[in-house]
Amino acid sequence: MKPAAFDYHRVERVEDALERLAELGEEAKVLAGGQSLVPMMNFRLVRPPALVDITRIPDLDYVMRDGDALRVGALTRHRTIETLADPDVVDGYELLPRAARWVGHYPIRTRGTFGGSVAHADPSAEWCMLAVLLDATAVVLGPDGEREIPAADFFLGFFTTALEPGELLVEVRFPRPRPHAAIHEFARRHGDFAIVAVAVAVDLDGDVIREPRVVVGGVDEVPLRVEAAEKVLDGAAPGGEAFAEAGRAASGAVEPSADVHGSAEYRKDLTDVLVRRALAEAIHTGAVA
């Protein structure tokens, strides 16, 4: 398949990208890694009249610490995050390189971008889930200047975000380390989008769980925070009994749809199992995903 005809604009500065988007109108699309947009164009699922290619903007490719916070530029490749090894950068955020291994297949990880995935807003995408899990903030530039949007407010539905016409996602900022965290997912093949994915994070206060977070992907229009499971875990001793109860609570709280990959009941069962597995891993700092 080939895409419908479109105008192509390459820019090398954020200011130029914003200017082009303002000129071209809200139907124009931003091209970052292109690993989601281009296939959709090839199948003519989307037909943007114009693309603004931002891949040559050097200022948006970075991962850096800012005190406890971790800042990820929108054009950072998945593979860059997967290979993070500097403890001064990744300490407490080891979940990100582990999660990157689940992102697509190797060629996709070498071309696809962190910000492109977040802006695409697939509810089963790993970076969207972790943005919600870790209370990230999306930093957005537009005609009216900079906005900071909490991840909980950024994802509005399938492939729909709080970005306004003419705005550009430039950074995702994670506020604090969560070393006890894990992600598990189930797909037909490793690298495919998950049928169900689960990400969890907990703090440990001695032998008690504090500030648990549970997010499930693939069961709703957005990455779904499951507060019912969090209530079960908060103040509980980490272990099989609490994890099993949290899994049951999460399964009971989600209302997935059925499709060719599985029934709603199958997805609920996967949610239960994956919550238990992720929690068991999360309590062990540095465990391998």
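It should be noted that the structure appears before, not after, this text.
Just so you know, these numbers come straight off a predicted model, no measurement behind them. (Residues numbered from 1 in each chain as written. Predicted model: local features only at pLDDT ≥ 70, side-chain atom pairs only at ≥ 80, totals over all residues. Heavy atoms only, no water.)

Describing the packing of helix α11 (residues 240–253) against helix α12 (residues 264–282)
Here is step 1: It is at 8 Å that the axes of α11 and α12 come closest, and there the two elements cross at 145°. For the element pair α11 and α12, the recorded crossing hand is right-handed. Residue-level contacts link Phe-243, Ala-244, Ala-246, Gly-247, Arg-248, Ala-250, Ser-251 and Gly-252 of α11 to Lys-268, Asp-269, Thr-271, Asp-272, Val-275, Arg-276, Leu-279 and Ala-280 of α12.
Here is step 2: Looking at the contact of α11 with α12, its residues break down into seven nonpolar, four polar and five charged. (Axes fitted to C-alpha atoms, helices over the stretch in contact; angles between N-to-C directions. Helix = DSSP H or I, 4+ residues; strand = E, 2+ residues; numbered from the N terminus. Left-handed = near helix turned anticlockwise from the far one by under 90°. Contact = heavy atoms within 4.5 Å. Nonpolar A, V, L, I, M, F, W, Y, C, P; charged D, E, K, R; others polar.)

Side note on the nonpolar core
Here is step 1: Of all hydrophobic cores here, the largest spans 43 residues; its most connected members are Leu-96, Trp-127, Leu-130, Phe-155 and Phe-174.
Here is step 2: Among the elements that make up this core, the one with the highest residue count is helix α8 (residues 126–133) (seven residues).
Here is step 3: Not counting residues within four places of it along the chain, the set of residues in contact with Leu-96 comprises Leu-70, Ile-81, Trp-127, Leu-130, Leu-134 and Phe-174.
Here is step 4: By size, the runner-up hydrophobic cluster in this structure holds 25 residues, among which are Ile-195, Val-196, Val-200 and Leu-279. (Core = buried A, V, L, I, M, F, W, Y, C linked by side-chain atoms within 4.5 Å. Buried < 20%, exposed > 50% of the residue type's maximum accessible area, 1.4 Å probe, protein only.)

Observations concerning the environment of Thr-161
Here is step 1: When you line up the elements, Thr-161 lands in strand β9 (residues 160–161).
Here is step 2: Taking C-alpha positions, Thr-161 is 9.7 Å from Val-222, a pair spaced 61 residues apart along the chain.
Here is step 3: Residues in contact with Thr-161, not counting those within four places in the same chain, are Val-118, Ala-119, Ala-121, Phe-154 and Leu-156.
Here is step 4: Within polar-contact distance, the side chain of Thr-161 engages the backbone nitrogen of Leu-163 at 3.2 Å. (Polar contact = N/O pair within 3.5 Å; in protein donor to acceptor, adjacent residues only side chain to side chain.)

Brief notes about the sheet that holds strand β4 (residues 63–66)
Here is step 1: Reading across from one edge, β4-β5-β10-β6-β7 is the order of the five strands in this open sheet, with antiparallel pairing throughout. The open sheet is flanked by β4 and β7 (145–150), the only strands paired with a single partner. Strand-to-strand twist across the sheet, computed as the mean angle between neighbouring axes with direction ignored, equals 25°.
Here is step 2: Of the strand pairs in this sheet, strand β5 (residues 69–73) and strand β10 (residues 168–174) are connected by four bridges, and their pairing is antiparallel. The residue bridging Val-72 from the neighbouring strand is Val-172, located in β10. (Pairing = 2+ DSSP bridges.)

Some points on the packing of aromatic side chains
Here is step 1: If you walk through the whole model with that rule in mind, you get five aromatic pairs.
Here is step 2: With a centroid separation of 5.2 Å and an interplanar angle of 90°, the aromatic rings of Phe-154 and Phe-155 are classed as edge-to-face. The burial state of Phe-154 is the same as that of Phe-155; both residues are buried.
Here is step 3: Counting every residue linked through ring pairs, the aromatic cluster contains Tyr-93, Phe-114, Trp-127 and Phe-174. (Phe/Tyr/Trp six-rings, centres within 6.5 Å; stacked < 30°, edge-to-face > 60°.)

A look at the pairing of β4
Here is step 1: Sheet analysis places β4 next to β5, joined by four bridges and oriented antiparallel. Its bridge partner being in β5, Met-64 is matched across the sheet by Arg-71.
Here is step 2: The turn joining β4 and β5, which pair antiparallel and follow one another in sequence, is formed by two residues; a positive phi near 70° is taken by Gly-67.

Some details on the pattern of salt bridges
Here is step 1: Inspection of the entire model under this criterion finds 18 salt bridges.
Here is step 2: Between Arg-71 and Glu-171 there is a salt bridge; the shortest N-O distance is 3.0 Å. Of this pair, Arg-71 sits in strand β5 while Glu-171 sits in strand β10, and the two are 100 residues apart along the sequence.
Here is step 3: Exposure remark for Arg-71: the relative accessible area of 22% places this residue in the partly exposed category.
Here is step 4: A salt bridge links Asp-135 to Arg-213; its shortest N-O distance comes to 2.8 Å. With Asp-135 in the loop between α8 and β6 (137–142) and Arg-213 in strand β13 (residues 208–217), this residue pair connects regions lying 78 residues apart in the sequence.
Here is step 5: Judged by its relative accessible area of 8%, Arg-213 falls in the buried class.
Here is step 6: Here the salt bridges share partners, and the residues they tie into one network are Arg-71, Glu-148, Glu-171 and Arg-173. (Salt bridge = Lys/Arg side-chain N within 4 Å of Asp/Glu carboxyl O.)

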